[in-house]
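Inside the fold
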Amino acid sequence: VQPVEAWGGLVQPGGSLCLSCAASGRTFSKYTIGWFRQAPGKEREFVGAVSGSGGNTYHDADSVKGRFTISRDNDRNTVYLQMNRLSPEDTARYYCAAGRPLLSALRLETMYTYWGQGTQVTVSS
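So, here is what we can say about the structure in this document. (Residues numbered from 1 in each chain as written. Predicted model: local features only at pLDDT ≥ 70, side-chain atom pairs only at ≥ 80, totals over all residues. Heavy atoms only, no water.)

The four strands lie next to each other as S1-S3-S8-S7, forming an open sheet whose pairing is antiparallel. The sheet terminates laterally at strand S1 (3-6) and strand S7 (68-73), the two strands that pair on one side only. The mean inter-strand angle of the sheet, taken between neighbouring strand axes irrespective of direction, is 20 degrees. Judged from the six bridges that link them, S7 and strand S8 (residues 78-83) form a sheet pairing that is antiparallel. Note that in S8 the partner of Ile70 across the bridge is Leu81. (Pairing = 2+ DSSP bridges. Helix = DSSP H or I, 4+ residues; strand = E, 2+ residues; numbered from the N terminus. Axes fitted to C-alpha atoms, helices over the stretch in contact; angles between N-to-C directions.)

This is the structure:
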């Protein structure tokens, strides 16, 4: 399972983007997919995650405040991060990662085995 992120870019404040995380392999649906982001000069932080089946999603309440939604399509081996009402504070490199973390450990980077290279999101007028 090797995740590859796509569809980052430049967007104006208040705009939307939908990132994708595609991965090869027939075991894709066995993995929880987490989204993380890292802004310049800051540590990487947890954004949210979706369970292997797609039936459960988890979002960081503080950073995304109901603006971001995670979904997955296992038929396409793809996970999506829909981001609405973007602000300059959302500017960061966004990463997806595959792993099998315990529910209590979703935020821990060490619980994710496979990482993508990231895609840059810049929110600016």
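Picking up where we left off.
Turning to the environment of Ser125, a few remarks are in order. As for its position among the elements, Ser125 is in the segment after strand S11 (119-123). Judged by its relative accessible area of 83%, Ser125 is exposed. Residues Ser125 and Val79, 46 residues apart in the sequence, show an inter-C-alpha distance of 28 Å. (Buried < 20%, exposed > 50% of the residue type's maximum accessible area, 1.4 Å probe, protein only.)

Counting buried residues in strand S4 (residues 32-38) gives six out of seven residues, a clear majority hidden from the surface. Alignment of S4 against strand S5 (residues 45-50), held across five bridges, turns out to be antiparallel. Each residue of the ladder has a partner; that of Trp35, found in S5, is Gly48. Where S4 folds back onto S5 in an antiparallel hairpin, the turn is made up of six residues, including Gly41, whose phi is positive at roughly 75 degrees.

Turning next to the pairing of S5. Within S5, five of the six residues are buried, which leaves it mostly tucked inside the rest of the structure. Pairing analysis gives three bridges linking S5 to strand S6 (residues 57-59), with the strands arranged antiparallel. Counterpart to Ala49 in the pairing with S6 is Tyr58. Linkage of S5 to S6, two consecutive antiparallel strands, is achieved through a turn of six residues, within which Gly54 is found at a positive phi near 85 degrees.

With that settled, consider the pattern of salt bridges. Applying the stated criterion across every chain yields a total of six salt bridges. Between Glu45 and Arg37 there is a salt bridge, and its shortest N-O distance comes to 2.6 Å. Classification of Glu45 by relative accessible area gives partly exposed; the value is 32%. Taking the relative accessible area as the measure of exposure, Arg37 reaches 6% and is therefore buried. Ionic pairing is found between Arg44 and Glu109, a salt bridge with its closest N-O pair at 3.0 Å. Here Arg44 is found in the loop between S4 and S5, whereas its partner Glu109 is found in the loop between strand S9 (92-99) and strand S10 (112-115), with 65 residues between them in sequence. Take Arg44: its relative accessible area is 26%, and that puts it in the partly exposed class. Of the residues examined, Glu109 reaches a relative accessible area of 29% and is grouped as partly exposed. One continuous salt-bridge network, built from bridges that share partners, spans Arg37, Glu45, Arg67 and Asp90. (Salt bridge = Lys/Arg side-chain N within 4 Å of Asp/Glu carboxyl O.)

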